[in-house]
Amino acid sequence: MNTPPDLDAALAASHEQPIVIFKHSNNCPFSARAQEQVANAKHDLEVYGLVVQYTKELSAAIAERLGVEHASPQAIVVHEGEAAAHYWRSEIQEDTLKEKVASLKRS
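Numbers given to residues run from 1 along each chain, matching the order in which its sequence is written. Local features are withheld for residues below a pLDDT of 70 in this predicted model, meaning they are given only at 70 or higher, and side-chain atom pairs are given and counted only at 80 or more; totals for whole chains, interfaces and linings count all residues. Note: side-chain values were computed over all heavy atoms of the structure, leaving out hydrogens and water.

1. A look at the packing of helix H1 (residues 4-13) against helix H3 (residues 56-66)
Phase 1 of the analysis: Across the interface, H1 lies against H3 with an axial gap of 10 Å and an inter-helix angle of 35°. In terms of crossing hand, the pair formed by H1 and H3 is right-handed. Seen from H1, the contacting residues are Pro4, Leu7, Asp8 and Leu11; seen from H3, they are Leu58, Ala61, Ile62, Arg65 and Leu66.
Phase 2 of the analysis: Gly is put with the polar residues, along with every residue not named as nonpolar or charged; the nonpolar set is Ala, Val, Leu, Ile, Met, Phe, Trp, Tyr, Cys and Pro, and the charged set is Asp, Glu, Lys and Arg. Here the contact of H1 with H3 is composed, by residue class, of seven nonpolar, no polar and two charged. The angle between two axes is taken between their N-to-C directions and runs from 0 to 180 degrees, where each axis is a line fitted to C-alpha atoms and a helix contributes only its stretch in contact. Going along the chain from the N terminus, every DSSP run of H or I of four or more residues is numbered as a helix, and every run of E of two or more is numbered as a strand. For a crossing to be left-handed, the near helix must be turned anticlockwise from the far one by less than a right angle; the clockwise case is right-handed. We call two residues in contact when some of their heavy atoms are within 4.5 Å.

Listed below in C-alpha cells is the structure:
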C-alpha cells in the first residue's frame, strides 16, 4: 500500500473477508523476522503491506482510522473495516495470524 486510496481499498476488502495490514521497516531485524512470518501466511491470508520509511503519512492514517497506536513491525487484522487484533514484533506469528482470521470467518 502506498496511498490513501490503497487504504480505502484494503478496508473495503475487509468487509468481504478479514485482511491483514502489515507495517514494517526495511532496516530492522524485528521487521525481517516478522516479514518471514507474514510471507509464510500470505498464501492463506489477504495481506496488505507497507514500508513505514516510505509511507509515514499512510502509516499514521492507518493508526488513526483503525484506532491502533502505530508500531513497527505491526500486523493488524481488520474485519468489517475495524481492527480486530494487532500484533507487534515477536507477536507476529504465522499461526497466530491464521488462527485469528479463521476465528473471524467462523463468527
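2. Quick word on the pairing of strand S1 (residues 19-24)
Phase 1 of the analysis: Any residue under 20% of the maximum accessible area for its type is buried, any over 50% is exposed, and the rest in between are partly exposed; the area is computed with a 1.4 Å probe on protein chains only. Taking burial as the measure, the six residues of S1 include six buried ones, the bulk of the element.
Phase 2 of the analysis: Taking every second residue as pointing to the same face, both faces of S1 are buried, with Ile19, Ile21 and Lys23 on one and Val20, Phe22 and His24 on the other.
Phase 3 of the analysis: After leaving S1, the chain enters helix H2 (residues 29-41) and then returns to the sheet as strand S2 (residues 46-51), a path that is right-handed.
Phase 4 of the analysis: Alignment of S1 against strand S3 (residues 74-79), held across five bridges, turns out to be antiparallel. In the strand pairing of S3, Phe22 is matched with Ala75. Handedness of a crossover is defined as follows: orient the strands so they point away from the viewer, and if the path from the first strand over the helix to the second runs clockwise, the crossover is right-handed. Strand pairing requires that DSSP identify at least two bridges connecting the strands.

3. Remarks on H3
Two residues of an α-helix separated by three or four positions point the same way, owing to the 3.6 residues in each turn.
Phase 1 of the analysis: The complete set of buried residues in H3 reads Leu58, Ser59, Ile62, Ala63 and Leu66. Buried residues of H3, seen end-on, are gathered within an arc of 145° and therefore sit on one face of the element. Turned more than 90 degrees from where H3 packs its buried face, Lys56, Glu57 and Glu64 sit exposed.
Phase 2 of the analysis: A positive phi of about 70° marks Gly67, the residue just after H3. Note that the arc is computed from the directions linking the helix axis to the C-beta atoms.

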